[in-house]
Amino acid sequence: MPDRLPITPIGNVAFRAPARVQGRVRSMRVTPFVDQPALEVVLVDETGGLLLVFFGRRQIPGIELSAQLEATGVAGMHRGYLALVNPLYEHLPSIHGSH
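Below, the structure is looked at part by part.

## Description of the environment of Gly-76
- Relative to the helices and strands, Gly-76 is located in strand E4 (residues 68–78).
- Taking the relative accessible area as the measure of exposure, Gly-76 reaches 18% and is therefore buried.
- Distance from Gly-76 to Arg-16, taken between C-alpha atoms, is 5.6 Å for residues 60 residues apart in sequence.
- The residues contacting Gly-76, other than those within four sequence positions of it, are Phe-15, Tyr-81, Leu-82 and Ala-83.

## Regarding the packing of aromatic side chains
- Across all of its chains, the model carries two aromatic pairs by this definition.
- Between Phe-33 and Phe-55 the ring centres are 4.9 Å apart and the planes differ by 35°, which places this aromatic pair in the tilted class. Placement of Phe-33 in strand E1 (residues 18–33) and of Phe-55 in strand E3 (residues 48–55) is noted, with a sequence separation of 22 residues between them.
- Relative accessible area serves as the criterion here: at 24%, Phe-55 is assigned to the partly exposed category.
- Ring geometry for Phe-54 and Tyr-89: centres 5.6 Å apart, planes at 80°, overall edge-to-face. Separated by 35 residues along the polypeptide, Phe-54 in strand E3 and Tyr-89 in strand E6 (residues 88–92) bring together distant segments of the chain.
- Judged by relative accessible area, which is 4%, Phe-54 ranks as buried.
- A residue is classified by how much of its surface remains accessible, and Tyr-89, at 32% relative accessible area, is partly exposed.

## Considerations on the pattern of salt bridges
- For the coordinates displayed, the defined rule picks out five salt bridges.
- In this structure, the salt-bridge partner of Glu-40 is Arg-79, at a minimum N-O distance of 3.2 Å. Here Arg-79 lies in the loop between E4 and strand E5 (81–85) and Glu-40 lies in strand E2 (residues 36–45), a separation of 39 residues in the sequence.
- Accessibility expressed as a relative area gives 4% for Glu-40, which makes it buried.

## Overview of the pairing of E4
- Sheet topology note: the E1/E4 ladder contains seven bridges and is antiparallel. Directly across from Arg-20, in E4, lies its bridge partner Thr-72.
- Sheet topology note: the E4/E5 ladder contains four bridges and is antiparallel. In the sheet register, Ala-75 faces E5, and the bridge partner there is Leu-84.
- Between E4 and E5, which pair antiparallel and follow one another directly, the connecting turn spans two residues, one of which, Arg-79, has a positive phi of 55°.

Thresholds, definitions, all that
Along each chain, residue indices are assigned from 1 in the same order as the chain's sequence is written. Under the rules for a predicted model, residues below a pLDDT of 70 receive no local features and side-chain atom pairs below 80 are neither given nor counted, while totals for whole chains, interfaces and linings still include all residues. With hydrogens and water set aside, each side-chain value is computed from the structure's full complement of heavy atoms. For the purposes of this entry, the term helix denotes a DSSP run of H or I that reaches at least four residues, the term strand denotes a run of E that reaches at least two, and both are numbered from the N terminus. Residue exposure (1.4 Å probe, protein chains only): buried if accessible area is under 20% of the type maximum, exposed if over 50%, otherwise partly exposed. Should any heavy atoms of two residues lie within 4.5 Å, those residues are counted as being in contact. In summary, the pairing rule links any two rings of Phe, Tyr or Trp, Trp by its six-membered ring, whose centres are within 6.5 Å, and it sorts them by plane angle into stacked for under 30 degrees, edge-to-face for over 60 and tilted for everything else. The term salt bridge refers to a pairing of a side-chain nitrogen on Lys or Arg with a carboxyl oxygen on Asp or Glu at a separation within 4 Å. What makes two strands pair is DSSP finding at least two bridges between them.

In structure tokens, the structure reads:
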């Protein structure tokens, strides 16, 4: 079983490269995409922001504003923005206590 990727600062994520990032949810929206919803989440750290896109989802329990997340995937483009599409994700403890 391969080791987990090291954490990549969001500002260093490269197109078509695998990345494992951690950050805080800054914004969320649901948009239509080819006749299905897409939950778009902006994840930020001190180096920048990255779009996480979850096709076929309107919401995901625990993914909410200010939530701390870790996401892993291959960076691609979505609507002109660098994004991880349908990434693996996990919730992290909030650095400020409860959300």
